[in-house]
Structure formats: structure tokens, C-alpha cells
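Residue-level structural notes
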Amino acid sequence: KALAAREGVYNIGTGHETDVNEIFEHLISTAQAMGVKNMPAKAKHAAARPGEQRRSCVRISHAQKVLGWQPKIDLETGMKQTIEWFREGGEVRNK
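Here is a short report on the structure shown in this document.

Quick notes on the rules
Residues numbered from 1 in each chain as written. Predicted model: local features only at pLDDT ≥ 70, side-chain atom pairs only at ≥ 80, totals over all residues. Heavy atoms only, no water. Helix = DSSP H or I, 4+ residues; strand = E, 2+ residues; numbered from the N terminus. Buried < 20%, exposed > 50% of the residue type's maximum accessible area, 1.4 Å probe, protein only. Contact = heavy atoms within 4.5 Å. Areas by Shrake-Rupley, 256 points an atom, 1.4 Å probe, with all protein chains shown as cover. Patch = residues over 30% accessible without salt bridge, like charges linked within 9 Å, V, L, I, M, F, W, Y side chains within 5 Å. Salt bridge = Lys/Arg side-chain N within 4 Å of Asp/Glu carboxyl O. Lys, Arg positive; Asp, Glu negative; His and termini not counted. Charge placed at Lys NZ, Arg CZ, Asp CG, Glu CD. Phe/Tyr/Trp six-rings, centres within 6.5 Å; stacked < 30°, edge-to-face > 60°. Polar contact = N/O pair within 3.5 Å; in protein donor to acceptor, adjacent residues only side chain to side chain. Expected span 1.5 Å × (residues − 1). Axes fitted to C-alpha atoms, helices over the stretch in contact; angles between N-to-C directions. Parallel < 35°, antiparallel > 145°, perpendicular 65-115°, else oblique. Left-handed = near helix turned anticlockwise from the far one by under 90°. Nonpolar A, V, L, I, M, F, W, Y, C, P; charged D, E, K, R; others polar.

1. Details of the overall build of the protein
On a plain count of helices and strands, the protein comes out with three helices and two strands. Residue burial in the protein is summarised as follows: out of 95 residues, 12% are buried. Taking contacts inside the protein between residues at least 6 apart in sequence as the whole, the part at least 24 apart equals 79%. When the accessible surface of the protein is summed, it comes to about 8,100 Å², and 52% of that surface belongs to carbon and sulfur atoms.

2. A word on unusual backbone geometry
Although it is not a glycine, Asn38 adopts a positive phi angle of roughly 65°. Summarising the element assignment, Asn38 is placed in the loop between helix H1 (20–33) and strand S2 (55–56). Asn38 sits in the exposed class, given a relative accessible area of 79%.

3. Brief notes about a negative patch on the surface
On the surface, Asp19, Glu22, Asp74 and Glu76 cluster together into a negatively charged patch. By secondary structure assignment, the location of Glu76 is in helix H3 (residues 75–87).

4. Comments concerning the packing of aromatic side chains
Tallied over the full model, the rule gives one aromatic pair. Ring geometry for Trp85 and Phe86: centres 4.8 Å apart, planes at 75°, overall edge-to-face.

5. Observations regarding the side chain of His26
Structurally, His26 can be placed in helix H1. A polar atom in the side chain of His26 sits 3.1 Å from the side chain of Glu76. Each residue touching His26, except ones within four places of it in the same chain, is listed here: Leu75, Glu76 and Met79.

6. Quick notes on the environment of Glu76
Given the relative accessible area of 36%, Glu76 is considered partly exposed. For the pair Glu76 and Ile23, spaced 53 residues apart in sequence, the C-alpha to C-alpha distance is 9.0 Å.

7. Some remarks on H1
In a regular helix each residue adds 1.5 Å, so 14 residues correspond to 20 Å; H1 covers 20 Å between its end C-alpha atoms and thus fits that length. Among the structural elements, H3 are those in contact with the buried residues of H1. The N-terminus of H1 is capped by Asp19, whose side-chain oxygen sits 2.6 Å from the backbone nitrogen of Asn21. Just downstream of H1, Gly35 is the residue with a positive phi angle, here 85°.

8. A closer look at the packing of H1 against H3
Their axes nearest at 10 Å, the elements H1 and H3 cross at an angle of 50°. Between H1 and H3, the angle is such that the two are oblique. Crossing handedness for the pair H1 and H3: right-handed. Contact with H1, carried on its side by Ile23, His26, Leu27, Thr30 and Ala31, involves Leu75, Glu76, Met79, Lys80 and Ile83 of H3 and no other residues of that element. For the contact of H1 with H3, the class distribution of residues is six nonpolar, two polar and two charged.

Below, the structure written as C-alpha cells:
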């Protein structure tokens, strides 16, 4: 109900630019540290495809302004929480 007056599209992220290779390395090292098996040892690179995204940085200013939203966790913590969520079955929980 509170968000009904604030419809629209909101980018949610850290607000910091992150290279896709950095995201991959964080994901692999985090998953391995958490005991996830069968993770690739290293990235497989091929020629870039037209339109392929090389890095990512979402603009969070709209969510900050309209919703008063601020990032509370960093990328690595978010990855740990996401991996744990998948391990628990990936169900949406109401808090």
C-alpha cells in the first residue's frame, strides 16, 4: 500500500561500478568458501559479442530520492546471502 503511490522502475544495487570479471571472481571465491562444489576454476573468455555488457553500475538515485532507499550491504555480503537463499530452496520469505 505504501508503495502504490510510488509506482515505477527502481534500480537497486551498490551504486559502485563493477566489472563482470570482478563479479565472477567474487562469486566463485564466495561460493567455494561456503562449500559449494563444482564451481569453475577460472573464467572462460571468448570474443566479445555485439552489445555484450562488460561492466555494471546501476543508477540508484531514483530509489534514493523517491523511496529513501540506501544500500546496506556490499556486493560480497549480498552474494553470500544469495547463495544461502538458493541453498535454503530459494523461497520468498515475508519478514
